[in-house]
Amino acid sequence: MRVALHSVIRAGAIDGYRAEHAVIPDDLERSFARLGIHDWTIWRSGDRLFHVVECDDFDAAMRELDSDPANLAWQQTIGEFVETFRDADGGSGFTPIEEVWDLRRQRGDEHRP
């Protein structure tokens, strides 16, 4: 499955955020692999960050990450740079934003890479 998330970076924090993401910790990468997170890409526009996550089961992975030591350490570090996550309606919340359209699905080939 593929989900998108929306977060907002703190004023003046983009350089630090980029530096921390140059290479994420090995133990966090291993946790992602173990939990079926195959890819996580982050895009930026101004102070807004858009995350695209490809995984087996987003909700299950997030439940496991809530108590994962590698993720807890990462959140302590990266939390300095992130102001908040936004839900589909713009409120605060760590939930996927709404997918409006998908070309592959329209074509009927959603299972192709």
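Our subject is the structure listed above.
Source: prediction; values computed, not measured.

Chemist: Hey, could you run me through the nonpolar core in this one?
Modeler: Within soluble globular proteins, side chains that are nonpolar generally end up buried alongside one another. Grouped together as the largest cluster of nonpolar side chains are 23 residues, with contacts concentrated most on Ile9, Tyr17, Ile37, Val53, Phe58, Met62 and Leu65. Breaking this core down by element, the ones donating at least two residues are β1 (2–9), α1 (14–21), α2 (26–34), β3 (48–55), α3 (58–65), α4 (69–78) and β4 (82–86). Filtering out sequence-adjacent residues up to four positions away, phenylalanine 58 remains in contact with Met1, Val3, Leu5, Val53, Phe94 and Pro96.

Chemist: In this structure, what is going on with the packing of aromatic side chains? I would like to understand it.
Modeler: Within a pair of aromatic rings, the relevant descriptors are the distance that separates the centres and the angle that separates the planes. One pass over the full model with this rule turns up 3 aromatic pairs. Ring centres of phenylalanine 32 and tryptophan 40 lie 5.5 Å apart, and the angle between their planes is 10°; this geometry places the pair in the stacked category. With a centroid separation of 4.7 Å and 75° between ring planes, the pair formed by phenylalanine 85 and phenylalanine 94 is classed as edge-to-face. For phenylalanine 85, a relative accessible area of 19% puts it in the buried group. An aromatic cluster of at least three residues, connected via ring pairs, comprises Phe58, Phe85 and Phe94.

Reading guide: rules and limits
- Along each chain, residues carry numbers from 1 onward, in the same order as the chain's sequence is written.
- At least 70 in pLDDT is required for a residue's local features to be given in this predicted model, at least 80 for side-chain atom pairs to be given and counted, and no such filter applies to totals for whole chains, interfaces and linings, which use all residues.
- The side-chain quantities take in all heavy atoms of the structure and omit both hydrogens and water.
- Only buried Ala, Val, Leu, Ile, Met, Phe, Trp, Tyr and Cys residues count toward a nonpolar core, and they belong to the same one when joined by side-chain atoms within 4.5 Å.
- Relative accessibility decides the category of a residue: with a 1.4 Å probe and only protein chains considered, values under 20% of the type maximum give buried, values over 50% give exposed, and everything between is partly exposed.
- Secondary structure elements are taken from DSSP: a helix is a run of H or I of four residues or more, a strand is a run of E of two residues or more, and numbering for both begins at the N terminus.
- The contact criterion used is simple: two residues touch if any of their non-hydrogen atoms lie within 4.5 Å.
- Paired rings are identified among Phe, Tyr and Trp, the last through its six-membered ring, by centres lying within 6.5 Å, and are further divided according to the angle between planes into stacked (under 30 degrees), edge-to-face (over 60) and tilted (the rest).

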